[in-house]
Amino acid sequence: ENPITVYNPKNTQPVSLYFRGEKIAKVIGNAASTKPEEGNAVSGLLVKRNFNYLLVASEDLPEFTDLQTTIVKQRQAVRYEYSLALLFHFMLQVHGADTVKLIKKEQGGQIIQVRGVVDIFLDEDKREVVLEWEASPEADMW
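Given the structure is predicted, the values throughout are model-derived calculations rather than measurements.

The rules behind each value
- Residues numbered from 1 in each chain as written.
- Predicted model: local features only at pLDDT ≥ 70, side-chain atom pairs only at ≥ 80, totals over all residues.
- Heavy atoms only, no water.
- Phe/Tyr/Trp six-rings, centres within 6.5 Å; stacked < 30°, edge-to-face > 60°.
- Lys NZ or Arg CZ within 6 Å of the ring centre and 35° of its normal.
- Salt bridge = Lys/Arg side-chain N within 4 Å of Asp/Glu carboxyl O.
- Buried < 20%, exposed > 50% of the residue type's maximum accessible area, 1.4 Å probe, protein only.
- Helix = DSSP H or I, 4+ residues; strand = E, 2+ residues; numbered from the N terminus.
- Polar contact = N/O pair within 3.5 Å; in protein donor to acceptor, adjacent residues only side chain to side chain.
- Contact = heavy atoms within 4.5 Å.
- Core = buried A, V, L, I, M, F, W, Y, C linked by side-chain atoms within 4.5 Å.
- Pairing = 2+ DSSP bridges.
- Axes fitted to C-alpha atoms, helices over the stretch in contact; angles between N-to-C directions.
- Expected span 1.5 Å × (residues − 1).

Asker: Which residues make up the packing of aromatic side chains, and what are the values?
Answerer: Inspection of every chain in the model, using the stated rule, returns one aromatic pair. Seen from their ring centres, Y80 and Y82 are 5.7 Å apart, and the 75° between their planes marks the pair as edge-to-face. Sitting above the plane of the F121 ring, K105 keeps its charged end 5.0 Å from the centroid.

Asker: So what's going on with the pattern of salt bridges? Which residues, and what values?
Answerer: Evaluated as defined, the whole model comprises three salt bridges. E81 is paired through a salt bridge with R79; the nearest N and O atoms lie 3.3 Å apart. For E81, a relative accessible area of 49% puts it in the partly exposed group. Overall, the relative accessible area of 55% leaves R79 in the exposed class. Close ionic contact of E81 with R127 constitutes a salt bridge, the shortest N to O distance being 3.8 Å. Here R127 lies in the loop between β7 (118–123) and β8 (128–134) and E81 lies in the loop between β4 (73–79) and α2 (84–95), a separation of 46 residues in the sequence. By relative accessible area, R127 is classed as partly exposed at 43%. One salt-bridge network, in which partners are shared between bridges, spans R79, E81 and R127.

Asker: Please set out the side chain of T65 residue by residue, giving values where relevant.
Answerer: If you trace the backbone, T65 turns up in the loop between α1 (61–64) and β4. Engagement of the side chain of T65 in a polar contact is seen with the backbone oxygen of L61, the distance being 2.6 Å. Non-local contacts of T65, meaning those with residues more than four positions away in its chain, are made with V47 and R49.

Asker: Quick one: what's the story with unusual backbone geometry, residue by residue and with numbers?
Answerer: Non-glycine residue F51 carries a positive phi angle of around 65°. With respect to the element layout, F51 can be found in the loop between β2 (45–49) and β3 (52–56). Here F51 falls in the exposed class, since its relative accessible area comes to 76%. Even without being a glycine, R127 presents a positive backbone phi close to 55°.

Asker: Which residues make up the nonpolar core, and what are the values?
Answerer: By size, the foremost hydrophobic cluster in this structure holds 14 residues, and its most contacted members are L87, M91, I112, V114 and I120. Counting only elements with at least two residues in this core, the list comes to α2, β6 (110–114), β7 and β8. Residue contributions to this core peak at four residues, all from α2. Not counting the four nearest positions on each side in its chain, I112 is found in contact with L84, L87, F88, M91, V100, K101, L102, V118, D119 and I120. Judged by nonpolar contacts, the second largest core, of five residues, contains I28, V47, L54 and V56.

Asker: Talk me through the sheet that holds β6; I want residue IDs and the actual numbers.
Answerer: The five strands lie next to each other as β4-β8-β7-β6-β5, forming an open sheet whose pairing is antiparallel. Of all strands in the sheet, those bounded by a partner on one side alone are β4 and β5 (100–104). Averaged over all neighbouring strand pairs, the angle between strand axes comes to 25°, with direction disregarded. Bridge count for β6 against β7 is four bridges, and the pairing is antiparallel.

Asker: Tell me about α2, residues and numbers included.
Answerer: Under the 1.5 Å per step criterion, the end-to-end length of α2 is 16 Å for 12 residues, consistent within 8% with the ideal 16 Å. Residues of α2 that are buried sit in contact with β5, β6, β7 and β8. Looking one or two places after α2, you find G96, whose phi comes out positive at around 95°.

Dropping the structure here:
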């Protein structure tokens, strides 16, 4: 009678949900900062609470619900026995000069930043390169 629909989108692809019948959601917080216009999509997190629907921006989630958000920092270490300059050269070849930066750290040393989301630094004592980034669908692809 009513087949189950499973959504399995690729990373960063939007999902549009269509409901039969009329559903009413209260738009609150930053999601309600601009007045919606006919035909324009409204985006946010749809939360069902006590048989009511709320549409909230992700940054407002802890303020209007009992839910919390968190940031996960990823870190991966890879054995590497060459110079940071050589690694920087390879990153330029792969990603292009407009997306790769060499940044000096305040404590000394340098890091390579790729696409503004992945930081790479060389740990010469352990002879490894360390990659760090905040987990997100976009950052996890790099």
